[in-house]
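# Results of the structural survey
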Amino acid sequence: MPDLETTLIPPGLAERLRTARYVAVLTGAGISAESGIPTFRDPQSGLWANYRPEDLATPAAFRANPRLVWEWYAWRRAAVAGVVPNAGHRALVEIEARVPHFLLLTQNVDGLHQAAGSHAVVELHGNIRRVKCFDRGHAVATWAEAGDVPPLCPLCGSPLRPAVVWFGESLPADALARAADAIARCDLFLALGTSLRVEPAASLPADALARGATVLILNREVADRVAPPLYQINGLAGTVLPALLEAAWPEMAGSGSRS
Ligand code: BV8
């Protein structure tokens, strides 16, 4: 008798994954939620309860109040430093190992996919653990915590900022090119833990569908739907992805993929 979680997975979807030639994945904050990182839809806590991320993650916010924006990112870096990947991240590592071609496009800036062992990762919106200077983009690996806030670039003296893509900033050209190539070539596209509200990433699942790929949208807000080539599952990534892995490759059952 299949257990509840494997019944979560429509049979056609498991077969599509097992026989997929090229799997492209788009992840959002929801895949890190079970590691303890609040999503952008979650209300911010503590000091930041009165701020909306989209009001802080902009060049204008940084120009207006560099200290406030720097300290918000310092708070988020500290929050990310203490967390580990979850079963959802690990399931994607297993899928990458089992399909001929795989590319993971993430909107997340927490580095947890790489920490879990994913290799083919494109950080569409950068990485909060990396820092650069505001004026010239000089990468800076270490800075003095005491002293100027934000710290200043040792090369050009401009204030340091997180190496992430802010609202109103263009995504890196190479990231966009790799995303476009994945859309053109994939036969299965998984949109996982994202509200699909932020462009241009939000359009990727529809683009993949239009090009003939099978698409899964998994988050906590869609209605369950089995309408091949579109599948929607309302569920927890940390539960559904290990179940999808085991439904596609039953030999995985009991391998601890769900722990
Ligand atoms: C740009 C880094 C060109 C910073 C981020 C049309 C075309 C192009 C641009 C636009 C356009 N329309 C509007 C724009 C402008 C803007 C935009 O999209 N605005 C939105 C608000 C409408 N886009 C841009 O500015 C982009 N730049 O296009 O350049 C340009 C240049 C100049 C002028 C115009 C255009 C840059 C966008 C990147 C912004 N940077 N992050 C930082 O982190 O501080 S965005 C940030 O927010 C994230 O990276 C992510 O992308 C987004 C949050 O989305 P999600 O990850 O989906 O998270 P969310 O909380 O929304 O949802 C969580 C989901 O998980 C939910 O569905 C929930 O149900 C689910 N969930 C929760 N728990 C679980 C779960 N699912 C499964 N399991 C669970 N356990």
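Going by the structure above, here's the rest.
First things first, this report covers the structure right here in the doc. Fair warning: this is a prediction, and the values are worked out from it, not measured in the lab.

Quick notes on the rules
Starting afresh in each chain, residues are numbered from 1 along the sequence in its written order. Owing to the predicted nature of the model, reporting of local features is limited to residues with pLDDT of at least 70; listing and counting of side-chain atom pairs is limited to 80 or more, with chain, interface and lining totals taken over all residues. Here the side-chain values reflect all heavy atoms present in the structure, with hydrogen atoms and water set aside. Helix and strand assignments follow DSSP, with helices taken as H or I runs no shorter than four residues and strands as E runs no shorter than two, numbered in order from the N terminus. Burial classification: accessible surface area is computed with a 1.4 Å probe over protein chains only, and a residue below 20% of its type maximum counts as buried, one above 50% as exposed, and the rest as partly exposed. Note: two strands are recorded as paired if DSSP finds a minimum of 2 bridges between them. Contact definition: two residues touch when any of their heavy atoms are within 4.5 Å. Fitted lines through C-alpha atoms give the axes, limited to the stretch in contact for helices. The angle between two N-to-C directions lies from 0 to 180 degrees. Note that the term roughly parallel is reserved for angles under 35 degrees, roughly antiparallel for angles over 145, roughly perpendicular for angles of 65 to 115, and oblique for everything else. Definitions for this section: a left-handed crossing has its near helix turned counterclockwise from the far helix by less than a right angle. A right-handed crossing has that turn clockwise. We count a salt bridge whenever a side-chain nitrogen from Lys or Arg sits within 4 Å of a carboxyl oxygen from Asp or Glu. Neighbouring residues are identified by heavy atoms, a residue being near a molecule or strand if any of them is within 4 Å of it. A 3.5 Å cut-off defines polar contacts: any pair of N or O atoms within that distance qualifies, except that in protein one atom must be a possible hydrogen donor and the other a possible acceptor, and neighbouring residues in sequence count only when both atoms are side-chain atoms. Throughout, the Shrake-Rupley method with a 1.4 Å probe supplies accessible areas, and for residues the shown protein chains are the sole cover considered. Amino acids outside the nonpolar list (Ala, Val, Leu, Ile, Met, Phe, Trp, Tyr, Cys, Pro) and the charged list (Asp, Glu, Lys, Arg) are all regarded as polar, and Gly is one of them. Two cysteine sulfurs form a disulfide in these notes if their separation is within 2.5 Å.

### Focus on the environment of Trp48
Among the structural elements, Trp48 can be located in the loop between helix H3 (30–33) and helix H4 (53–56). For Trp48, a relative accessible area of 5% corresponds to the buried category. In this structure, the C-alpha to C-alpha distance between Trp48 and Phe102, residues 54 residues apart in sequence, is 37 Å.

### Regarding the sheet that holds strand E5 (residues 139–140)
Taken together, three strands build an open sheet; the order of strands is E5-E4-E6 and the sheet is antiparallel. A single partner strand is all that each edge strand has here, and the edge strands are E5 and strand E6 (160–164). Of the strands in this sheet, strand E4 (126–133) and E6 are in contact with helix H6 (residues 66–81), which crosses E4 at around 140°.

### Quick notes on the pairing of strand E2 (residues 101–106)
Taken across its six residues, E2 has five buried, putting it largely inside the fold. Note: strand E1 (residues 22–27) against E2, six bridges, orientation parallel. Across the sheet, the residue bridging to Val23 is Phe102, located in E2. Bridge analysis of E2 against strand E3 (residues 121–123) gives three bridges, and the strand direction is parallel. In the strand pairing of E3, Leu105 is matched with Val122.

### Side note on the packing of helix H7 (residues 87–98) against helix H11 (residues 237–248)
Packed helices, taken two at a time, are described by the angle their axes make and the gap between the axes. Where H7 contacts H11, the two axes come as close as 7 Å, and the packing angle between them is 25°. Judged on the interaxial angle alone, H11 and H7 are roughly parallel. In the packing of H7 onto H11, the handedness of the crossing is left-handed. On H11, the residues touching Ala87, Gly88, Ala91, Leu92, Glu94 and Ile95 of H7 are Ala237, Gly238, Leu241, Pro242 and Leu245.

### Focus on the pattern of salt bridges
Taken as a whole, this structure holds nine salt bridges when the rule is applied. Note that Glu54 and Arg52 form a salt bridge whose closest N and O atoms lie 3.4 Å from each other. Owing to a relative accessible area of 28%, Glu54 belongs among the partly exposed residues under this scheme. Looking at Arg52, the relative accessible area reads 47%, which means it is partly exposed. What emerges from the salt-bridge pattern is a single network uniting Arg52, Glu54 and Asp55.

### What to know about the site of the ligand
As a matter of local geometry, the ligand sits amid 35 residues, with Arg41, Tyr73, Arg76, Ser195 and Glu221 nearest to it. Interatomic distance of 2.7 Å between a backbone N/O atom of Val165 and a nitrogen atom of the ligand. Between the ligand and Arg220, the relevant distance is 3.0 Å, taken from an oxygen atom to a main-chain nitrogen or oxygen of the residue. For the ligand, the protein covers 76% of the area, taking 1500 Å² as the surface of the free molecule. Counting residues per element, the ones that place at least two in the shell around the ligand are H3 and H6. Residue composition of the shell around the ligand, by class: 15 nonpolar, 12 polar and eight charged.

### Thoughts on the state of the cysteines
Under the criterion given, the structure shown has zero disulfides. Summary of cysteine pairing: Cys153 is not part of a disulfide, and the nearest cysteine sulfur, belonging to Cys156, is at 3.8 Å. Take Cys153: its relative accessible area is 4%, and that puts it in the buried class.

### Describing the sheet that holds strand E7 (residues 188–192)
Strand order in the open sheet formed by seven strands is E3-E2-E1-E7-E8-E10-E9, and the pairing between neighbours is mixed. In the strand order of this sheet, the two ends are held by E3 and strand E9 (225–227), each with one partner. Taking the axes of each pair of neighbouring strands and ignoring which way they run, one obtains an average angle of 15° across the sheet. Where E7 lies against strand E8 (residues 214–219), five bridges are found, and the strand directions are parallel. For Leu188, the partnering residue across the bridge sits in E8 and is Thr214.

Everything listed here is a matter of coordinates, which is why it stays silent on function.
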